[in-house]
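Structure at a glance
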Amino acid sequence: MTDVWSERAQLYRESDAHRQGADLDLLVRWAEGESALDVAAGGGHVARRLREAGLTVVTADPSPGMEPDVICRAEDLPFADATFDVVACRIAPHHFDDVGAAIREMARVSRRLVLVVDNLYRGEAVEEAERLRDPTHVQNYSEEEWRELLEQAQLSVEAVELMEAEFELEPWLARAGCEGAEAERVRELLRDSIRGGKLRGMRIALKGRK
């Protein structure tokens, strides 16, 4: 998986779907303190925005090609307890092998806040499409499941926001190398969510406090 993500790194740095969005703006508004950890940092968009807001940010990602400060899985963060004021993770948890362990680790290394944004669960047809497009996809989660994950990590769920996300379909397929018959099947599974060449989905943002 790491090699796959290294190959995709530049595409994610340049992706409009990742570089901007109301959910990214929200993470910046929610952030507090002076230091932050960006978990599964990918193209570094959360880190960039938090640095612009004045925080000192460390990036962590399992893929060397993403050029993080620290190469590690979200489930195994190599930091002491309460190292960062805020720990953030955006549009990545659906790839985690053990999302519960990852959230517990994020809570452990945070002094104040854990901020999470991810795609919201929208049914098994969407899950099938996600896995077909990108075999590294594990699972999207519902709001109820997300609240439970944070609470099990001893975090108080202080805020939850749902927001629509819309992005170009074909670049989304291309980033994962999905083409031919597989791409056509993905389009078929998601046909009710495609309008004018754009894919419409939902994201969930959660603010958890220690």
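Look up a bit, the structure's there.
Topic: unusual backbone geometry
Trans is the prevailing form of peptide bonds, just as negative phi is the prevailing case for residues other than glycine. The residue alanine 40 is not glycine, and still its phi comes out positive at about 50°. Among the secondary structure elements, alanine 40 is positioned in the loop between strand S1 (35-39) and helix H4 (45-52). Note on alanine 40: relative accessible area 15%, which makes it buried. You will see that alanine 82, though not glycine, has its phi angle at about 55°, which is positive. Among the structural elements, alanine 82 can be located in the loop between strand S3 (70-71) and strand S4 (84-90).

Re the packing of helix H6 (residues 124-133) against helix H9 (residues 180-189)
Here H6 crosses H9 at 160°, and the two axes come no closer than 9 Å. Comparing the axis directions of H6 and H9 gives the class roughly antiparallel. The chirality of how H6 crosses H9 is left-handed. Residues Ala125, Glu128, Ala129, Leu132 and Arg133 of H6 pack against Glu182, Arg185, Val186 and Leu189 of H9. Counted by class, the contact of H6 with H9 contains five nonpolar, no polar and four charged residues.

Things to note about the packing of aromatic side chains
Within this structure, the stated rule accounts for three aromatic pairs. Between phenylalanine 79 and phenylalanine 84 the ring centres are 5.1 Å apart and the planes differ by 85°, which places this aromatic pair in the edge-to-face class. The class of phenylalanine 79 is buried, set by a relative accessible area of 16%. Plain terms: the ring middles of phenylalanine 167 and tryptophan 172 are 6.2 Å apart, the flat faces sit at 50° to each other, and that makes the pair tilted. Considered together, phenylalanine 167 and tryptophan 172 belong to a single accessibility category, that of buried residues.

Cut-offs and rules
Residues numbered from 1 in each chain as written. Predicted model: local features only at pLDDT ≥ 70, side-chain atom pairs only at ≥ 80, totals over all residues. Heavy atoms only, no water. Helix = DSSP H or I, 4+ residues; strand = E, 2+ residues; numbered from the N terminus. Buried < 20%, exposed > 50% of the residue type's maximum accessible area, 1.4 Å probe, protein only. Axes fitted to C-alpha atoms, helices over the stretch in contact; angles between N-to-C directions. Parallel < 35°, antiparallel > 145°, perpendicular 65-115°, else oblique. Left-handed = near helix turned anticlockwise from the far one by under 90°. Contact = heavy atoms within 4.5 Å. Nonpolar A, V, L, I, M, F, W, Y, C, P; charged D, E, K, R; others polar. Phe/Tyr/Trp six-rings, centres within 6.5 Å; stacked < 30°, edge-to-face > 60°.

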